[in-house]
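Structure at a glance
One letter stands for each residue in the lines below.
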Amino acid sequence: ATLGDPDIDTMPVLAWSVKQAQSYRELRADGNDSPFVKFMISNQKYFYFPILLLARLSWLNESFKYAYGLGAASENAALERKTRGLQYPVLEKVAIALHYVWVVAFVSGY
């Protein structure tokens, strides 16, 4: 995202700022938005929560894959994982596993 986390790329579905919406436009050779981009950006007020639900599921998946070294969401994330690694690799893996166990227990009513 522009001026934010580079691994969270929601364009052209959600624009988090006017600047981000305009920066996407500049990526096209002709400088114009496609009809899909125009529709999504102008109507994102209706799609915001459904898209965030899907994004949340995607971010959970990506955090699990990143912590366990099963892949990265982008080249930027892969490069960061390769050069910096995880600060607390064992703790992060255990915490994610405990989180999923807790969520399943909570949702199932235990």
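Just so it is clear, the structure is predicted and the values come from calculations on it, not from any experiment. (Residues numbered from 1 in each chain as written. Predicted model: local features only at pLDDT ≥ 70, side-chain atom pairs only at ≥ 80, totals over all residues. Heavy atoms only, no water.)

1. Remarks on the environment of Phe 64
With respect to the helices and strands, Phe 64 occurs in helix α3 (residues 44-67). Residue Phe 64 is classed as partly exposed on the basis of its relative accessible area, which comes to 30%. It is 6.9 Å that separates the C-alpha atoms of Phe 64 and Ile 96, two residues lying 32 residues apart in sequence. Residues in contact with Phe 64, not counting those within four places in the same chain, are Leu 70, Ile 96 and Tyr 100. (Helix = DSSP H or I, 4+ residues; strand = E, 2+ residues; numbered from the N terminus. Buried < 20%, exposed > 50% of the residue type's maximum accessible area, 1.4 Å probe, protein only. Contact = heavy atoms within 4.5 Å.)

2. Some details on the confidence of the model for the protein chain
Mean pLDDT over the protein chain: 79, with 81% of residues reaching 70 or higher. Helix α5 (residues 89-108) holds the highest mean pLDDT among the elements of the protein chain, 93, whereas helix α1 (residues 18-25) holds the lowest, 68. (pLDDT = per-residue confidence, 0-100.)

3. Here we look at the packing of aromatic side chains
Here the structure, examined in full by the defined rule, presents five aromatic pairs. Grouped by ring-pair contacts, the aromatic residues Phe 64, Tyr 68 and Tyr 100 constitute a single cluster. A cation over an aromatic ring shows up here: Arg 81 above the ring of Tyr 66, its NZ or CZ 5.5 Å from the ring centre. (Phe/Tyr/Trp six-rings, centres within 6.5 Å; stacked < 30°, edge-to-face > 60°. Lys NZ or Arg CZ within 6 Å of the ring centre and 35° of its normal.)

4. Considerations on the layout of surface pockets
Here the second largest pocket defines a volume of roughly 190 Å³. As for the second largest pocket, its lining consists of Ser 63, Tyr 66, Ala 67, Glu 80, Arg 84, Gly 85, Leu 86, Gln 87, Glu 92 and Ile 96. By residue number, the principal contributor to the lining of the second largest pocket is α3, which donates three residues. Looking at side-chain class alone, the lining of the second largest pocket contains four nonpolar, three polar and three charged residues. (1 Å grid on protein atoms, 1.4 Å probe; cavity = no way out; pocket = protein on both sides within 12 Å on 5 of 7 lines; lining within 4 Å. Points joined across faces, edges and corners; volume = space filled by probe spheres on them. Nonpolar A, V, L, I, M, F, W, Y, C, P; charged D, E, K, R; others polar.)

5. Description of the side chain of Asn 43
Residue position: Asn 43 is located in the loop between α2 (35-42) and α3. In this structure Asn 43 comes out as buried when scored by relative accessible area, which is 18%. A distance of 3.0 Å separates a polar side-chain atom of Asn 43 from the backbone oxygen of Phe 39. (Polar contact = N/O pair within 3.5 Å; in protein donor to acceptor, adjacent residues only side chain to side chain.)

6. Concerning the packing of α3 against α5
With their axes 9 Å apart at the nearest point, α3 and α5 run at an angle of 140 degrees to one another. As for how α3 packs across α5, the hand of that crossing is left-handed. Contacts between α3 and α5 involve Arg 56, Leu 60, Asn 61, Ser 63, Phe 64 and Ala 67 from the first element and Lys 93, Ile 96, His 99 and Tyr 100 from the second. Classifying every residue of the contact of α3 with α5 gives five nonpolar, three polar and two charged. (Axes fitted to C-alpha atoms, helices over the stretch in contact; angles between N-to-C directions. Left-handed = near helix turned anticlockwise from the far one by under 90°.)

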